[in-house]
Every structure is written in C-alpha cells, then in structure tokens.
Amino acid sequence: MRITKIVLFCAITVFMVLGSLGPFKSHDDLETISPGPGVTQVKKLSDYFPELRGTPGDTDIYVLEGKESGGCVLIVGGTHPNEPAGYCTARIIVENFYVEKGKVIVIPRANISAFSHTQPLEATPGKIHFSWNNKEMIITIGSRLTNPIHQWPDPRLYKTTGGQILSGSERRNLNRAYPGNPRGTMTEKIAYAIMQVIRIEKPQISIDLHEAAPEYTTVNAIVAHDRALDIAVEAAMMLEMDGIDISVERSPREFHGLSHREWGDNSETLAFLLEVANPSQGRLRGKTNERLVITGFDEYYLKAAKAGRLNVPYDEKGLPLNLRIKRHLKTILMIIDTFNTYNHENSIVLTDPSGASF
Ligand SMILES: [Zn+2]
C-alpha cells in the first residue's frame, strides 16, 4: 500500500512538472514575422558582430530601402519585450510599410533572449492575440531582462559604464548595457552589436521604442539626446497641434548605459527614445491578463486617475494597444518629417499604403 502511494505521488509529480513545462517551452516558439512588400533585405544582427552567430542573442534585421537614395533611420523594438507596443510597432512597419526615399532599418526583437521568458511574479500572459488592419497577429510578451539561462549569475550589484550602481539583475537589461562590450555578457554583446549597426549603417536618426507604467514620470514622452533635442521639440509641437499630448525630456548627461545617451555619445546619430503608457506593466494594476494588455483598461487605474495619481489622461476607454502603437507610429513619422524639413538631400519618405497607422 505504502509503495503504491509512493509510485502514485511520483507519477503525479512527474505529470505536474511536465505539464508546467508547456507554457515555458512555448516561449521558445516565437511567432513568424512576415516581411511585407517594402522589405528589400533581411539580415542578422550577427552580420554586424559575427560572435553572436548561432547564439540566443542573434536576431533578424529588416531593411526597407527606397528606389530614391536619401537618409537612413534605425527603428528598434523589443528592447524590453514586456512592453508590447514597441515590438508591435516595429513589426507593423516591417509587415506593412513601404519606403519611397532613403533607407529604414528595423530590429523588432532587439533583446530576443528576453522574449524567451516572462518576469517572475508578474503574471504576464505569454502570448496575446491582436488584430491590426483586420489581420490577426500573435504577440509574445517577454521580460524586461535577458533570460537567466543565457546569462547567469547576476552580480549582487551592477555598475554601468557610467559608474552608476544598480541592482544586480539590471546587468541583463539591454537598455543599461550600451555602448556594449564585445567581450562582455550576452546583453553587453547584443548592445555592442546594435552599436555596430549604428556605426556601420550611419543612420541619421535612431529610435528606441518603449512603454512605461501610467504612474511613471517619463511617459507619453520623447527622450532625446542633446543633439536631437531641437527636432524632438519641433516634432512634439506638431504632434500637440494634431491633438497628441506629448512631452520632451533631455537625455540626462550622467545617465549612462541607455540608448538615448550612448547611441548619441558614441556615434553621429540623432538618438530618441519613445515612451507610451501601458497599464499592464504598472504597479497599480489588478488582474493581469490578455484583455488588460489589449484594452489597457483596469478599474484600479481608473480609481488612481480619479485620485489624480497618474501622469496621463485615463478614463473608461482605457489605453488600448492599438492606440499605443498609433502613438508610436505618429511620433516616428513626425520625427522623420521634422528631420526632412532641414535635410532635403538626406530625407526619408516612409509610408503605410494601408493607411491603418493614421
Ligand atoms: Zn522599456
């Protein structure tokens, strides 16, 4: 009888372990990105830093090149895969946009390792189903940090290139790793490879797409490197005239490791980081599920808004993913338009033939 119980216990344990592996394993199967008719070349990040080839840090790069020569813009999504609007925006450009003049380089999954897991204790849904321009999209939601199975162990504390002391896990944060290190950790190698894309391709404009909690101070904002500040301010004024409330922040000079600081300090590019508000990653949220990611509606955020605790307007309409993506797209296009005004020869003309982005 005792042996029967032990066998039964072992069988149930094995069954439960195997059952729980499914959701973890499904994260390794990333959905396909289908390049649209505007894509002229698909490359790998390892083409710019061969040491990444065959590693979990290598990721696809899509090039959309126009018939007419002009300037170049780099668009980076998926720096933080728990911020789906950034990844979705980059993917929508790859799958739908067309370049008439100049070149657009898109990296939709900048930290592809971080797409292979979710953050512990955040209850993030692993996959969401989303519709854009009447087309179904499956979206993987990942973590803010590189997967620890690809980079381990974390130090107790992490010192950035600028000497700031952060918690040890931040060593796996791509947006604290720039300008990267070719002999460093997986995250530092990815950062170095993206820096190599900028050094080799010489984009005049580079944009890093993010989302942040609605209670965070830098939200619905353009963070701009010193040299990019004029364009950011003018683009923000134009967006305000179109009814889009947006603020501009100068990239703090002492805040190292971040794209908007290091891309600009280590190359000629004009570096921007865009933030939109996402309640599904905020601290005040209730139940975290697919519906919250898609609709951005949460009753606790509504209470917080009524109590004046949020930095963005918030009501029963929530902050849908669709809207967050459109905000990113409009800001990207406005930054490019503003750049074009002063750089006729190097101008970039990027269009969405479906019109769904506007
Ligand atoms: Zn982010």
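Computed from a predicted model, the values in this text were never measured in an experiment. (Residues numbered from 1 in each chain as written. Predicted model: local features only at pLDDT ≥ 70, side-chain atom pairs only at ≥ 80, totals over all residues. Heavy atoms only, no water.)

Between its first and last C-alpha atoms helix H3 (residues 186–201) spans 22 Å; for 16 residues at 1.5 Å apiece the expected length is 22 Å, and the two agree. Counting buried residues in H3 gives 13 out of 16 residues, a clear majority hidden from the surface. Lys-202 occupies a position one or two residues after H3 and carries a positive phi of about 50 degrees. (Helix = DSSP H or I, 4+ residues; strand = E, 2+ residues; numbered from the N terminus. Expected span 1.5 Å × (residues − 1). Buried < 20%, exposed > 50% of the residue type's maximum accessible area, 1.4 Å probe, protein only.)

Among the 10 residues that make up strand E4 (residues 98–107), eight are buried, leaving the element largely enclosed by the rest of the structure. Bridging between strand E2 (residues 60–65) and E4 involves four bridges; their strand directions are antiparallel. Bridging across to E4, Val-63 finds its partner in Ile-105. As defined by bridge partners, E4 adjoins strand E13 (residues 349–351) across three bridges and the pair is classed as antiparallel. The residue of E13 that forms the bridge with Tyr-98 is Thr-351. (Pairing = 2+ DSSP bridges.)

The way to describe two aromatic rings as a pair is by their centre distance and the angle between their planes. Counted according to the given criterion, the structure contains four aromatic pairs. Pairing Tyr-87 with Phe-115 gives two aromatic rings, centres 5.1 Å apart and planes at 70 degrees, and the pair type is edge-to-face. With Tyr-87 in helix H2 (residues 84–96) and Phe-115 in the loop between E4 and strand E5 (127–132), this pair connects stretches of sequence that are 28 residues apart. In terms of burial, Tyr-87 and Phe-115 fall into one category: buried. (Phe/Tyr/Trp six-rings, centres within 6.5 Å; stacked < 30°, edge-to-face > 60°.)

Attention shifts here to the pattern of salt bridges. For the structure on display, the rule yields 20 salt bridges. As a salt-bridge pair, Glu-122 and Arg-285 come within 2.8 Å of each other at their nearest N and O atoms. Of this pair, Glu-122 sits in the loop between E4 and E5 while Arg-285 is found in the loop between strand E12 (270–277) and helix H6 (290–295), placing the two residues 163 residues apart along the sequence. The pair Glu-122 / Arg-285 is uniform in exposure class, with both members buried. (Salt bridge = Lys/Arg side-chain N within 4 Å of Asp/Glu carboxyl O.)

Here the focus is the coordination of the zinc ion. Around the zinc ion, the protein contributes the donor atoms His-80 (ND1), Glu-83 (OE), Glu-83 (OE) and His-210 (ND1), at 2.1 to 2.4 Å from the metal centre. Its four donor atoms give the zinc ion angles of 57 to 151 degrees at the centre, a pattern that matches the irregular case. Mapped onto the sequence, the residues coordinating the zinc ion show the spacing H-x2-E-x126-H. Pair noted here: His-80 is in the loop between strand E3 (68–76) and H2 and His-210 is in strand E9 (residues 205–212), with a separation of 130 residues, a long-range link. Judged on exposure class, the residue His-80 and its partner His-210 are both buried. (Donors = N, O, S within 2.8 Å, 3.2 Å for Na, K, Ca; no water. Tetrahedral: all angles 85-135°; square planar, octahedral: opposite > 155°, others 65-115°.)

You can read the domains of the protein chain as domain 1 (1–30) and domain 2 (33–351). If you average the C-alpha positions of domain 1 and of domain 2, the two centres end up 38 Å apart. Taken together, the contact pairs five residues of domain 1 with 10 residues of domain 2. Each partner contributes to the roughly 540 Å² buried at the junction of domain 1 and domain 2, and carbon and sulfur atoms together form 62% of this total. Here domain 1 is connected to domain 2 by zero salt bridges. Viewed at the interface, domain 2 and domain 1 are joined by one residue pair in polar contact (both at pLDDT 80 or more). A class-by-class count of the residues in the side of domain 1 that touches domain 2 yields one nonpolar, two polar and two charged. (Domains from an automatic or database assignment. Contact = heavy atoms within 4.5 Å. Buried area = accessible area lost by both parts, 1.4 Å probe. Polar contact = N/O pair within 3.5 Å; in protein donor to acceptor, adjacent residues only side chain to side chain. Nonpolar A, V, L, I, M, F, W, Y, C, P; charged D, E, K, R; others polar.)

In the sheet, strand E10 (residues 221–224) pairs with strand E11 (residues 247–250) via four bridges, with the strands oriented parallel. Paired with Ala-224 across the bridge in E11 is Arg-250. Of the crossover connections in this fold, the one passing from E10 over helix H4 (residues 229–241) to the parallel E11 is right-handed. (Right-handed = clockwise from strand over helix to strand, strands pointing away.)

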